[in-house]
Amino acid sequence: MPTITTKDGTEIFYKDWGSGPPIVFSHGWPLSADDWDTQMLFFLNRGFRVIAHDRRGHGRSSQGGTGHDMDHYADDLAAVTAHLDLKNVVHVGHSTGGGEVVHYIARHGESRVAKAAILSAVPPLMVQTPSNPAGLPKSVFDDLQRQLAANRSQFYLDIASGPFYGFNRPDRKPSQPVILNWWRQGMMGGAKAHYDGVVAFSQTDFTEDLKKINVPVLVMHGDDDQIVPYADSAPQSAKLLTNGTLRTYKGFPHGMPTTEAETINADLLAFIKG
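Fair warning: this is a prediction, and the values are worked out from it, not measured in the lab. (Residues numbered from 1 in each chain as written. Predicted model: local features only at pLDDT ≥ 70, side-chain atom pairs only at ≥ 80, totals over all residues. Heavy atoms only, no water.)

Turning to the overall build of the protein, a few remarks are in order. Helices and strands together make up the secondary structure of the protein, namely 11 helices and eight strands. In terms of overall size, the protein behaves like a compact globule, its C-alpha atoms giving a radius of gyration of 17 Å where 274 residues would be expected to give roughly 19 Å. Considered along the principal axes of its C-alpha atoms, the protein spans approximately 40 × 40 × 40 Å. Counting over 274 residues, the protein shows a buried share of 56%. (Helix = DSSP H or I, 4+ residues; strand = E, 2+ residues; numbered from the N terminus. Rg over C-alpha atoms; globule rule 2.2 N^0.38 Å. Buried < 20%, exposed > 50% of the residue type's maximum accessible area, 1.4 Å probe, protein only.)

Another aspect to go through is the pairing of strand β6 (residues 113-119). The element β6 is largely enclosed, with a buried count of six among its seven residues. One ladder, built from six bridges, connects strand β5 (residues 89-94) with β6; its direction is parallel. Residue pairing across strands places histidine 94 opposite leucine 119, the latter belonging to β6. Handedness of the crossover is the feature at issue here: the chain leaves β5, passes through helix α3 (residues 96-108), returns alongside β6, and the resulting connection is right-handed. Pairing geometry for β6 and strand β7 (residues 217-222), over four bridges, is parallel. Bridged to alanine 116 within β7 is valine 217. (Pairing = 2+ DSSP bridges. Right-handed = clockwise from strand over helix to strand, strands pointing away.)

Time to look at the pattern of salt bridges. Tallied over the entire structure, the rule returns 20 salt bridges. Where arginine 49 meets aspartate 16, a salt bridge forms, and the shortest distance between an N and an O atom there is 2.7 Å. Of the two residues, arginine 49 sits in strand β4 (residues 49-53) while aspartate 16 sits in strand β2 (residues 11-17), which places them 33 residues apart along the sequence. For aspartate 16, a relative accessible area of 28% puts it in the partly exposed group. For lysine 192, the salt bridge goes to aspartate 196, with nearest N and O atoms at 2.5 Å. A residue pair is termed a helical-turn pair when its members lie 3 or 4 positions apart in one helix, as lysine 192 and aspartate 196 do in helix α7 (residues 191-203) at four residues. On the accessibility criterion, lysine 192 (42% relative accessible area) is partly exposed. Accessibility expressed as a relative area gives 18% for aspartate 196, which makes it buried. Residues participating in the shared-partner salt-bridge network are Lys15, Asp34, Asp37, Asp54, Arg60 and Arg184. (Salt bridge = Lys/Arg side-chain N within 4 Å of Asp/Glu carboxyl O.)

In spatial order, the strands read β1-β2-β4-β3-β5-β6-β7-β8; together these eight strands make up an open sheet with mixed pairing. A single partner strand is all that each edge strand has here, and the edge strands are β1 (3-5) and β8 (244-249). Strand-to-strand, the axes of this sheet are offset by a mean angle of 20°, without reference to chain direction. Two strands pair when backbone bridges link them, and strand β3 (residues 22-26) and β4 are joined in this way by four bridges, in the parallel orientation. In the sheet register, valine 24 faces β4, and the bridge partner there is isoleucine 51. Taken strand by strand, helix α11 (residues 261-273) contacts β3, β5, β6, β7 and β8, and its axis lies near 155° from that of β6. (Axes fitted to C-alpha atoms, helices over the stretch in contact; angles between N-to-C directions. Contact = heavy atoms within 4.5 Å.)

Scanning all chains against the criterion turns up 14 aromatic pairs. Geometrically, the ring pair formed by phenylalanine 25 and tryptophan 36 is tilted, given 4.9 Å between the ring centres and 40° between the ring planes. With phenylalanine 25 in strand β3 and tryptophan 36 in the loop between β3 and α1 (37-44), the pair connects residues that are 11 residues apart, well separated along the chain. We note that phenylalanine 25, like tryptophan 36, is buried. Following the ring pairs from residue to residue traces out a cluster consisting of Trp29, Phe141, Phe155, Tyr156, Phe164, Tyr165, Phe167, Trp182 and Phe201. Directly above the aromatic system of tyrosine 73 lies the positively charged group of arginine 55, at a separation of 5.2 Å from the ring centroid. (Phe/Tyr/Trp six-rings, centres within 6.5 Å; stacked < 30°, edge-to-face > 60°. Lys NZ or Arg CZ within 6 Å of the ring centre and 35° of its normal.)

What follows is the structure in structure tokens.
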């Protein structure tokens, strides 16, 4: 399997398909590069080079006990892009991956970056604080960690069967293959990385990162997102970005790159070509 080894000895697995303009995909918690299969095949078949890595502790990357924070996530992404010597990259991040992309660009600069798109993404800040009163109470994320520690397999099955894809809505028919693929990806990764990852995606404040970014950024979010609530995320990120464009999808769930792939892929293609 293609991997790189980071400065702290972590092995990061990645996929690298095709040739042409590069698109790098950053996945959500607690998944893997496999969550981008539909997008990678779509853009591969349209002449792009597509790259996706498994975040440390996730998927096929090594399951170390430390480094599960946004600084390390951003540095690992930088290591992959440098190893492959990618230039004029379009970065696409979903959920936690959207935070990873934002932090990477702010932390490592825009010399290799052409554009970015963040989908159902966690910035600017998920947790409730005095400066972010509309955020979710910390107790919500503490409960996620509690459920993960008690029975990770059941917890992941419940998330995929319910709020992640909106399968708990009366007008949505659950897809067992989609649910089981989410569960499969989650269980490939490490419990420690996923436990710490809850803190990373919920408590990292990306406000200053967003302000530093000058490249065009497409902010895509469904207004029925039950994982990263719409009102306190996408519109706020778009306002903080110098060159941000907000695209709101009525009724779309958090996992819209999977359940609404036809729409999402078409809009991403138009943004990348525009």
